[in-house]
Each structure stands twice: as C-alpha cells, then as structure tokens.
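Inside the fold
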Amino acid sequence: MVQDTPVAVINAGGNIFAWDNRCPHRGASLGDGHITDTTVQCKFHLWEFDIKRECAVANDAIKIKSFPVEIIEGEIFVKI
Ligand code: FES
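Once that is clear, we can look at the side chain of Asp50. Within the secondary structure, Asp50 sits in strand S5 (residues 48–50). Here the side chain of Asp50 touches Arg53 through a polar contact of 2.8 Å, landing on its backbone nitrogen. Among all residues touching Asp50, those that are not within four sequence positions of it are Trp19, Thr38, Cys55 and Val57.

Listed below in structure tokens is the structure:
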C-alpha cells in the first residue's frame, strides 16, 4: 500500500512493473494472479492483461493503471 493505493510490483521475466493492484473487473489482487513473461491473469475470473500494453488482452479499452519504476543499485523505486 502507498497511502490509499494498493500496488503490485511484478517481475515478469526479469522486467519489473508496478501496477495498481486492483483488477479492473472487480478489484481482486492482480499481484496474486498468474504471471508470465507477457501477461498477468487475475485469479478470480481469469481475465488476462498484457504487461507491455497495460490493458486486457481481449479488450484494449480496459486499461491497467501503472506507475513508473526505477531500479537504482538493486533497489526498486515506484513513483506514485
Ligand atoms: S476480479 Fe479480476 S477478473 Fe474478475
């Protein structure tokens, strides 16, 4: 949590992403989902999200809120 925002820090094949941890469908934790190198699948109703495009695989209009990530000397910094 950062203030009132739940944040999922995702390691997808060695690439680090930070997303709002609330699934756009019904708010389940995306960080608890199934993560591959290219997608995150919500565990509740199995919606799938494209990591690079930051949207649902089946519908580009369903966006994921993401935050910039910076890695400095092995530490991960998320800009909220
Ligand atoms: S809450 Fe994520 S797919 Fe329904």
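Moving on to the pairing of strand S8 (residues 69–72). Sheet analysis places S8 next to strand S9 (residues 75–78), joined by four bridges and oriented antiparallel. Bridging from a neighbouring strand, Ile71 pairs with Ile76 of S9. Count of turn residues in the S8/S9 antiparallel hairpin: two residues, of which Glu73 carries a positive phi of about 50°.

Attention shifts here to the sheet that holds strand S6 (residues 55–56). Note on sheets: strands pair through backbone hydrogen bonds, and any given pair is parallel or antiparallel. Judged by pairing direction, the sheet is antiparallel, and its four strands sit side by side in the order S3-S4-S5-S6 without closing on themselves. Both edges of this open sheet fall to strand S3 (34–35) and S6, since each of them pairs with a single strand only. Judged from the two bridges that link them, S5 and S6 form a sheet pairing that is antiparallel. For Asp50, the partnering residue across the bridge sits in S6 and is Cys55.

About the cut-offs
- Residues numbered from 1 in each chain as written.
- Predicted model: local features only at pLDDT ≥ 70, side-chain atom pairs only at ≥ 80, totals over all residues.
- Heavy atoms only, no water.
- Helix = DSSP H or I, 4+ residues; strand = E, 2+ residues; numbered from the N terminus.
- Polar contact = N/O pair within 3.5 Å; in protein donor to acceptor, adjacent residues only side chain to side chain.
- Contact = heavy atoms within 4.5 Å.
- Pairing = 2+ DSSP bridges.

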